[in-house]
Amino acid sequence: MWNRIMMEIGLRIKTYRGEPPTKPFNDYLIPRLFNKLINQLGLSDVSTGELRNQSLTTVKSRDGEPLAAVGIAHIIYSSSKEATLVSQYLDKYGLIFITKVLKTRASRVNVNIIVKKQGLRELSPTDIKQIAMNEGIDADSINLEFTNKPLHAKIYASNNDIFITSANLLKNSLTRNVETGLMIRNQPQHEIETLINELRT
């Protein structure tokens with residue numbers, strides 16, 4: 001799934017012996033760190049190792065691969081009608097990245113972007129609508145919201161999936177920085193909505 005998304009939105013894929021690597025490929029990190037963490041948090045039944053009504057995807061990528069960007073793209077792809085992107089900051093690259101993902105969808109989805117007050121980088125609210133139209137996206141499909149809260153969270157949510165990560169909607173976060181994240185799948189929609197509403201003004 002990750003390699004397919006990367007190819008669809010034109011992101012670089014490193015190859016090993018001519019083939020894209022399978023992700024997650026770090027068989028040491030996942031069982032010895034993530035699985036133990038999941039058990040400690042009470043998200044799984046220790047006796048069976050099965051998750052308790054949740055589906056978690058942990059991904060370890062090599063340096064230089066924008067897996068955080070792919071996680072955000074997955075959220076937009078997996079949304080039936082609406083996706084909510086919560087980030088401290090948003091710049092022009094982050095906005096154009098979102099429009100590229102939207103353009104690859106067969107059907108329309110609305111994207112709500114929540115950033116902290118003064119969180120735009122070299123952008124204005126009017127720029128956002130204009131850039132969306134320039135990229136061939138209906139300007140009304142992208143909605144910008146500001147929160148007065150001291151926002152530090154980076155949370156990206158569809159109807160049933162939620163991606164919690166260190167990555168902002170900035171060029172460096174999406175292309176250069178070493179970022180990490182946890183994709184939590186098949187969550188009740190009302191729980192996701194409650195979390196997102198707590199981050200709003």
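To be clear, the structure that these remarks concern was listed above.
It should be emphasised that the depicted structure is a prediction, and the values quoted were computed from it without experimental measurement.

From N to C terminus, the protein includes seven helices and nine strands. When the 201 residues of the protein are sorted by exposure, 46% land in the buried category. Considering only residue pairs separated by 6 or more positions, the protein has 76% of its internal contacts joining residues 24 or more positions apart.

This brings us to helix H5 (residues 125-134). Taken together, the buried positions of H5 are Ile128, Ile131 and Ala132. Viewed end-on, H5 has its buried residues packed into an arc of 100°, placing them on one side of the element. Projecting away from the buried face of H5 at angles above 90 degrees are the exposed residues Thr126 and Asn134. On its buried face, H5 is in contact with strand S3 (90-91), helix H4 (92-103), strand S5 (120-121) and strand S6 (142-147). Gly136, located one to two residues past H5, shows a positive phi value of around 85°.

Our focus in this paragraph is the packing of aromatic side chains. This model, assessed by the stated rule, comprises one aromatic pair. Taking 6.5 Å as the distance between ring centres and 35° as the angle between the ring planes, the aromatic pair formed by Tyr156 and Phe163 counts as tilted. By relative accessible area, which is 0% here, Tyr156 ends up buried. In this structure Phe163 comes out as buried when scored by relative accessible area, which is 5%.

A full pass over the atoms with the stated rule returns three salt bridges. The salt bridge partner of Asp138 is Arg108, with a shortest N-O separation of 2.5 Å. One end of the pair, Asp138, is in the loop between H5 and S6; the other, Arg108, is in the loop between H4 and strand S4 (110-116), with 30 residues separating them in the sequence. Glu145 is paired through a salt bridge with Arg200; the nearest N and O atoms lie 2.8 Å apart. A residue pair is termed long-range when its members are at least 10 positions apart, and Glu145 in strand S6 and Arg200 in the segment after helix H7 (189-199) qualify at 55 residues.

Attention now moves to the packing of H4 against H5. One can describe the packing of H4 onto H5 by two numbers: an axis separation of 10 Å at closest approach and a directional angle of 40°. Considering their axes alone, H4 and H5 lie oblique with respect to each other. The element H4 and its partner H5 pack so that their crossing is right-handed. Across from Lys92, Leu95, Ile96 and Thr99 in H4, the residues of H5 making contact are Ile128, Ile131 and Ala132. Residue composition of the contact of H4 with H5, grouped by class: five nonpolar, one polar and one charged.

Moving on, we get to the nonpolar core. Counting residues in each nonpolar core, the largest one holds 37 residues, and the members touching the most others are Leu85, Leu90, Phe97, Ile98 and Ile113. Breaking this core down by element, the ones donating at least two residues are helix H1 (2-8), helix H3 (67-78), strand S2 (82-86), H4, S4, H5 and S6. Top element by residues in this core is H3. It accounts for eight residues. Every residue in contact with Ile98, bar those within four places of it in the chain, is listed here: Ile76, Leu85, Val111, Ile113 and Leu169. Counting residues in hydrophobic clusters, the runner-up holds ten residues, among them Ile114, Leu151, Ala157 and Leu199.

This brings us to the side chain of Ser79. Turning to its location among the elements, Ser79 is positioned in the loop between H3 and S2. Overall, the relative accessible area of 3% leaves Ser79 in the buried class. Leave out the neighbours within four places in its chain, and Ser79 touches Arg105, Val109, Ala157, Ser158 and Asn159.

The next subject is the environment of Asn134. Here Asn134 lies in helix H5. On the basis of relative accessible area, Asn134 is assigned to the exposed category, the value being 56%. Note: C-alpha distance between Asn134 and Thr99 (35 residues apart in sequence) is 9.8 Å.

What counts and how
Residues numbered from 1 in each chain as written. Predicted model: local features only at pLDDT ≥ 70, side-chain atom pairs only at ≥ 80, totals over all residues. Heavy atoms only, no water. Helix = DSSP H or I, 4+ residues; strand = E, 2+ residues; numbered from the N terminus. Buried < 20%, exposed > 50% of the residue type's maximum accessible area, 1.4 Å probe, protein only. Contact = heavy atoms within 4.5 Å. Arc of directions from axis to C-beta. Phe/Tyr/Trp six-rings, centres within 6.5 Å; stacked < 30°, edge-to-face > 60°. Salt bridge = Lys/Arg side-chain N within 4 Å of Asp/Glu carboxyl O. Axes fitted to C-alpha atoms, helices over the stretch in contact; angles between N-to-C directions. Parallel < 35°, antiparallel > 145°, perpendicular 65-115°, else oblique. Left-handed = near helix turned anticlockwise from the far one by under 90°. Nonpolar A, V, L, I, M, F, W, Y, C, P; charged D, E, K, R; others polar. Core = buried A, V, L, I, M, F, W, Y, C linked by side-chain atoms within 4.5 Å.

Keep in mind these values describe shape, not function.
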